[in-house]
Amino acid sequence: KILITGALGQIGSELTVKMRGLYGKDNVIISDIEKKSGKEDLTESGPFEIINVLDAKQISDVVDKYKIDTIVNLAAILSAVGEKNPNLCWQINMTGLYNVLEIAREKGLRIFTPSSIAVFGPNTPKDLTPQDTIMRPTTMYGVTKVSGELLCDYYYKKFGVDTRGVRFPGIISYNTLPGGGTTDYAVHIYYDAVLKKSYTSFIDKGTYMDMMYIPDALDAVINLLEADGSKLIHRNAFNITAMSIEPEDIANSIRKFIPEFRLDYDVDPVRQKIAESWPNSLDDSEARKQWGWKPNYDLDSMTKDMLEKLNMKLNIELNIK
Ligand code: VAH
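In this report, we go over the structure that sits alongside the text.

Rules behind the numbers
- Residues numbered from 1 in each chain as written.
- Predicted model: local features only at pLDDT ≥ 70, side-chain atom pairs only at ≥ 80, totals over all residues.
- Heavy atoms only, no water.
- Pairing = 2+ DSSP bridges.
- Helix = DSSP H or I, 4+ residues; strand = E, 2+ residues; numbered from the N terminus.
- Contact = heavy atoms within 4.5 Å.
- Near = heavy atom within 4 Å.
- Polar contact = N/O pair within 3.5 Å; in protein donor to acceptor, adjacent residues only side chain to side chain.
- Areas by Shrake-Rupley, 256 points an atom, 1.4 Å probe, with all protein chains shown as cover.
- Nonpolar A, V, L, I, M, F, W, Y, C, P; charged D, E, K, R; others polar.
- Expected span 1.5 Å × (residues − 1).
- Buried < 20%, exposed > 50% of the residue type's maximum accessible area, 1.4 Å probe, protein only.

To continue, consider the sheet that holds strand β12 (residues 238-239). Strands sit in the order β6-β8-β12 across an open sheet of three strands; the sheet is parallel. Two strands lie at the open edges of the sheet, namely β6 (115-116) and β12, each paired on one side alone. The pairing of β6 with strand β8 (residues 166-168) spans two bridges and is classified as parallel. Along β8, the bridge assignment pairs Ser 116 with Phe 168.

By the element assignment, Ser 198 lies in strand β10 (residues 198-201). Separated by 60 residues in sequence, Ser 198 and Ile 258 place their C-alpha atoms 9.8 Å apart. Beyond its immediate sequence surroundings of up to four residues, Ser 198 is in contact with Asp 192, Ala 193, Phe 261 and Arg 262.

In the region of the ligand, the neighbouring residues are Leu 78, Ser 79, Ser 116, Ile 117, Tyr 141, Phe 168, Pro 169, Gly 170, Gly 181, Thr 182, Thr 183 and Trp 278. A distance of 2.6 Å separates an oxygen atom of the ligand from a polar side-chain atom of Ser 79. In the environment of the ligand, an oxygen atom lies 2.7 Å from a nitrogen or oxygen atom belonging to the side chain of Tyr 141. When the ligand sits alone it has 270 Å² of accessible area, and the protein chains cover 94% of it. Residues belonging to the shell around the ligand are distributed by class as follows: six nonpolar, six polar and no charged.

In this model helix α6 (residues 140-159) runs 27 Å from its N-terminal to its C-terminal C-alpha over 20 residues, within 8% of the 28 Å that 1.5 Å per residue would give. Listed as buried for α6 are Tyr 141, Gly 142, Thr 144, Lys 145, Val 146, Gly 148, Glu 149, Cys 152, Asp 153 and Tyr 155. Of the surrounding secondary structure, the elements contacted by the buried residues of α6 are α4 (79-84), α5 (86-107), β6, β7 (162-164) and β8. Two residues or fewer after α6 comes Gly 160, characterised by a positive phi angle close to 75°.

All right, on to unusual backbone geometry then. Backbone phi values are negative for most residues with the exception of glycine, while trans is the configuration of most peptide bonds. Each neighbour pair has its own omega, and for Asn 236 with Ala 237 the value is -5°, a cis peptide bond. Structurally, Ala 237 is set in the loop between α8 (214-226) and β12. In this structure, Lys 67 takes a positive phi of about 55° despite not being glycine. Along the polypeptide, Lys 67 turns up in the loop between α3 (56-66) and β4 (70-73).

As structure tokens, then:
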């Protein structure tokens, strides 16, 4: 039985559907800090619990109630919001994780914790960033992701807790908007392409970051959780990526489907500084070797699918209004 925390967010809302399809809805218990309107398709279609990850007893009670054996801990504050409220970012990302790890230690659970390219900082090698290298992030979010990786590896080595994780790049999806990250421009550009045939980017031209389409991100969670643990040399967390792109690359790809699409810039210095502190591209060969990581979507196939799905989604919403 799997418990997903933060299940109503960008990754969680689609991981819920995927996992319920694979394992059966009653085997995937989802939780979030509150019920969110518009998420009835998730909260009414299977077990849903309110969990504030800062309350260890709430987590423990749900684990006992449903006999959970695996927790996918997605509850988190992302990079840009984390710079606005670093204390909350530390509390949610670290105390939440600590509570989950302590329950996993007591009850012998398996834990998946997402890390991020945000673990890397300005003095990390920027191109084809290695799996094992310098990690001195300059955001509170990045500090919590490095700390989280170290804590998860500690719980594996010291207590034998089966912890696993991946360093997610920016994730692009059309179902649920991301919760305040730096890579969010790469999601909003597609929404505006459909709605306005133009987008004003808060990240500057020429700023490369790793990205991936959400179906590949969901496969990474499933495949790493199902991987034979005895074959894993690393645990927390694996570099994974599908593409290294900058805003102009996305615009050129969109123009293959919307020729008149226009991109201009109104750079946000805070998020630009964060983006520049992260790598241009990751080396994800260890994930490919140790558990068969392989993305299926490249930029153009992602763009094609995003525009098709957003056209349907936004036109339906527009027609309803
Ligand atoms: C963010 N989308 O921008 C998240 C992620 C790698 C980026 O951590 O904060």
